[in-house]
Amino acid sequence: MYDLTVIIPTFKEEANIRNIVTEVDAVFSRNNLNGEILVVDDNSPDRTISIVNEIKKTKLNVNIIVRLADHGLSQSVAEGFVQASSDILVVIDADLSHPPSLIPTMYREIMGEYDIVIGSRYMDGGGIKKWPLKRRVISLGATFLGRLLFPDVSDPVSGFFAVRKSVVANAQLKPRGYKILLEVLGKGTWEKDKEIPFEFVDREIGSSKLKLKTIVEYAQQVIDITLFSFLHHESAAWREWKRVFKFGLVGISGIVVNQGILIFLKEFAGFPLPVASLFAIEIAILNNFLWNDLWTFKSGGQQQKISSWWHRLISFQIVSAGGAVINFAILNVLAYMMGIDYRIANIIGILVGFAWNFLLNRRMTWIRK
Ligand SMILES: Nc1nc2c(ncn2[C@@H]2O[C@H](COP(=O)(O)OP(=O)(O)OP(=O)(O)O)[C@@H](O)[C@H]2O)c(=O)[nH]1
Ligand SMILES: [Mg+2]
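Residues numbered from 1 in each chain as written. Chains lettered and ligands numbered in written order. Predicted model: local features only at pLDDT ≥ 70, side-chain atom pairs only at ≥ 80, totals over all residues. Heavy atoms only, no water.

1. Here's the deal with the domain arrangement of the protein chain
The assigned domain composition of the protein chain is domain 1 (4-231) and domain 2 (237-365). Spacing between the C-alpha centres of domain 1 and domain 2 amounts to 40 Å. Taken together, the contact pairs 14 residues of domain 1 with 10 residues of domain 2. With both sides pooled, the region where domain 1 packs onto domain 2 buries about 1,100 Å², and carbon together with sulfur makes up 50% of that total. When the buried area of domain 1 at its contact with domain 2 is split by residue, Pro-151, Asp-152 and Ser-229 rank highest and sum to 38% of it. (Domains from an automatic or database assignment. Contact = heavy atoms within 4.5 Å. Buried area = accessible area lost by both parts, 1.4 Å probe.)

2. Brief notes about the sheet that holds strand E4 (residues 88-91)
In space, the 7 strands of this open sheet follow the order E3-E2-E1-E4-E7-E5-E8, with mixed pairing throughout. At either end of the open sheet lies a strand with only one pairing partner, and these are strand E3 (62-66) and strand E8 (193-197). Along the sheet, successive strands turn relative to each other by an average axial angle of 20°, direction set aside. Taken together, the 4 bridges between E4 and strand E7 (residues 161-164) define a ladder with antiparallel strand orientation. Looking across to E7, one finds that Ile-88 is bridged to Arg-164. On top of the sheet, helix H2 (residues 48-58) reaches strand E1 (4-10), strand E2 (35-41) and E3; it is set at about 150° to E3, its chief contact. Against the sheet, helix H3 (residues 73-83) contacts E1, E2, E3, E4 and E7, and its axis sits at roughly 155° relative to E1. (Pairing = 2+ DSSP bridges. Helix = DSSP H or I, 4+ residues; strand = E, 2+ residues; numbered from the N terminus. Axes fitted to C-alpha atoms, helices over the stretch in contact; angles between N-to-C directions.)

3. A few points about helix H7 (residues 180-187)
Most of H7 sits out of view: 8 of its 8 residues are buried. Those residues of H7 lying buried are Ile-180, Leu-181, Leu-182, Glu-183, Val-184, Leu-185, Gly-186 and Lys-187. (Buried < 20%, exposed > 50% of the residue type's maximum accessible area, 1.4 Å probe, protein only.)

4. Considerations on the nonpolar core
Counting 35 residues, the largest nonpolar core has Leu-4, Val-6, Ile-8 and Val-21 as its most contacted members. Put simply, the parts of the chain that give this core at least two residues each are E1, helix H1 (17-30), E2, H2, E3, E4 and helix H4 (103-112). In terms of residue count, H1 provides more of this core than any other element does, 5 residues in total. In this view, Val-21 contacts Ile-8, Ile-37, Val-39, Ile-55 and Val-62; residues no more than four positions away in its chain are not counted. Of all hydrophobic cores here, the second largest spans 31 residues; its members include Leu-89, Ile-116, Leu-149 and Tyr-218. (Core = buried A, V, L, I, M, F, W, Y, C linked by side-chain atoms within 4.5 Å.)

5. Re the pattern of salt bridges
As enumerated under the stated definition, the model contains 22 salt bridges in all. Between Arg-164 and Asp-115 there is a salt bridge, and its shortest N-O distance comes to 3.9 Å. Of the two residues, Arg-164 sits in strand E7 while Asp-115 sits in the loop between H4 and strand E5 (116-120), which places them 49 residues apart along the sequence. (Salt bridge = Lys/Arg side-chain N within 4 Å of Asp/Glu carboxyl O.)

6. Here we look at the packing of aromatic side chains
Tallied over the full model, the rule gives 15 aromatic pairs. Ring plane angle 35° and centroid distance 5.2 Å describe the contact between Phe-230 and Trp-241, whose orientation is recorded as tilted. Linking Phe-230 in helix H8 (residues 212-231) with Trp-241 in helix H9 (residues 236-268), this pair joins segments that are 11 residues apart in sequence. For Phe-230, a relative accessible area of 38% puts it in the partly exposed group. Residue Trp-241 is classed as partly exposed on the basis of its relative accessible area of 25%. An aromatic cluster is present here, built from Phe-247, Phe-289, Phe-297, Trp-309, Trp-310, Phe-316, Phe-354, Phe-358 and Trp-366 joined pairwise through their rings. Positioned above the aromatic ring of Phe-200 is the side chain of Arg-121, whose terminal nitrogen or guanidinium carbon lies 5.7 Å from the ring centre. (Phe/Tyr/Trp six-rings, centres within 6.5 Å; stacked < 30°, edge-to-face > 60°. Lys NZ or Arg CZ within 6 Å of the ring centre and 35° of its normal.)

7. Some thoughts on the side chain of Asp-115
Asp-115 sits in the buried class, given a relative accessible area of 15%. Of the polar contacts made by the side chain of Asp-115, one reaches the backbone nitrogen of Glu-191; its length is 2.8 Å. Excluding residues that lie within four positions of it along the chain, Asp-115 makes contacts with Ile-110, Ala-162, Val-163, Arg-164, Val-167, Trp-190, Glu-191 and Lys-192. (Polar contact = N/O pair within 3.5 Å; in protein donor to acceptor, adjacent residues only side chain to side chain.)

8. Quick word on the environment of Pro-175
Note that Pro-175 resides in the loop between helix H6 (165-169) and H7. By relative accessible area, which is 22% here, Pro-175 ends up partly exposed. Note: C-alpha distance between Pro-175 and Ala-78 (97 residues apart in sequence) is 6.9 Å. Apart from residues no more than four positions distant in its own chain, Pro-175 is found in contact with Ser-74, Gln-75, Ala-78, Ile-180 and Glu-183.

9. Here's the deal with the pairing of E1
In terms of residue burial, E1 counts as a mostly covered element, since 7 of its 7 residues are buried. Of the two faces of E1, the one carrying Leu-4, Val-6, Ile-8 and Thr-10 and the one carrying Thr-5, Ile-7 and Pro-9 are both buried. Here E1 runs beside E4; their pairing, made up of 3 bridges, is parallel. Looking at the pairing, Ile-7 lines up with Val-91 of E4.

10. Re the site of ligand 1
Lining the immediate surroundings of ligand 1 are 21 residues, of which Glu-13, Asp-42, Asp-95, Arg-135 and Arg-203 lie closest. In the model, an oxygen atom of ligand 1 is placed 2.9 Å from a nitrogen or oxygen of the His-71 side chain. In the environment of ligand 1, an oxygen atom lies 2.8 Å from a nitrogen or oxygen atom belonging to the backbone of Ala-94. Burial of ligand 1 by the protein amounts to 94% of the accessible area it has alone, namely 620 Å². Broken down by secondary-structure element, the contributors of at least two residues to the shell around ligand 1 are E1 and H3. Residue composition of the shell around ligand 1, grouped by class: 7 nonpolar, 6 polar and 8 charged. (Near = heavy atom within 4 Å. Areas by Shrake-Rupley, 256 points an atom, 1.4 Å probe, with all protein chains shown as cover. Nonpolar A, V, L, I, M, F, W, Y, C, P; charged D, E, K, R; others polar.)

Put into structure tokens, the structure is as follows:
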């Protein structure tokens, strides 16, 4: 039995395959790891397969699966998950974009206490070298969409990650396209994840296979995972929907507080309306902050708060003020400039303001350790 299996999906990688296999194997030796290398190839028409078969003759820990049907990167990785003969799975590209030297760190972290360890391009210390603007924009778009489902993960579409076999063993993966990690995060069974930074280096040799179809498939995948999470309440994305729901309930409580205080100050305390309203709004913001702090974003597990109570309060105040301005601006633009019924305009303003409040507070006010 091996300590870990490094899965290398390949299609037409004759120029890189020898280097990546040799490097991964050298990393195993240097770190005393008993590792398996599993190449999953989609029947490449070039020399990829024969080169691996040649390496296999001297290295018993190298294996190859040649797939003849259902061509695809994610499908290949999923097949590797099933065929791997160890409990720790690492996925790495063949084109040397991912540094094999990080594999032992990933292995250590996963043996420690994590279910998934992700090599991240988008955290401090990580980065991307030599990518044309178009690639950067597409990647950032994909990352943004993925982060809506998994806000704590900075690089949910990374191709370099390690995962326990138990996370994917019973998962109803529907692999397609390029983003197998998102599928694992969406449908796997996991609690704790960790990211480690790395610098992505664009391939020097071989050809890129990114097409428009890839983007369409990705959008379908995001929708599929969203629907899946509504039906599977043990999934990680459902944990996020629960927060959105709680945040909404707290928002409704804020409306009640706002209205109650306004009526009280105006009718019983005799405040002038603008003054009463300012007090009512501020007290509603405080009400929402307290409920969200104690309930929606309760500490525990990986959700330890890192900023102080005062920091969170001020951050929430500023974000809420921004949300109010957005609501106000949208109402006025839609109603006055576009002639939309003011009640509908206001509902749209409230929803956009809500999304703003949730997303910004999620990322800035209640950031995790
Ligand atoms: N088995 C299999 N592997 C694939 C397929 N498409 C790509 N790969 C492999 O998946 C890894 C990532 O593919 P890349 O083409 O490097 O994707 P990328 O890094 O987004 O883009 P470039 O590096 O610019 O080409 C590489 O090891 C490829 O050989 C496929 O259809 N099947
Ligand atoms: Mg690549």
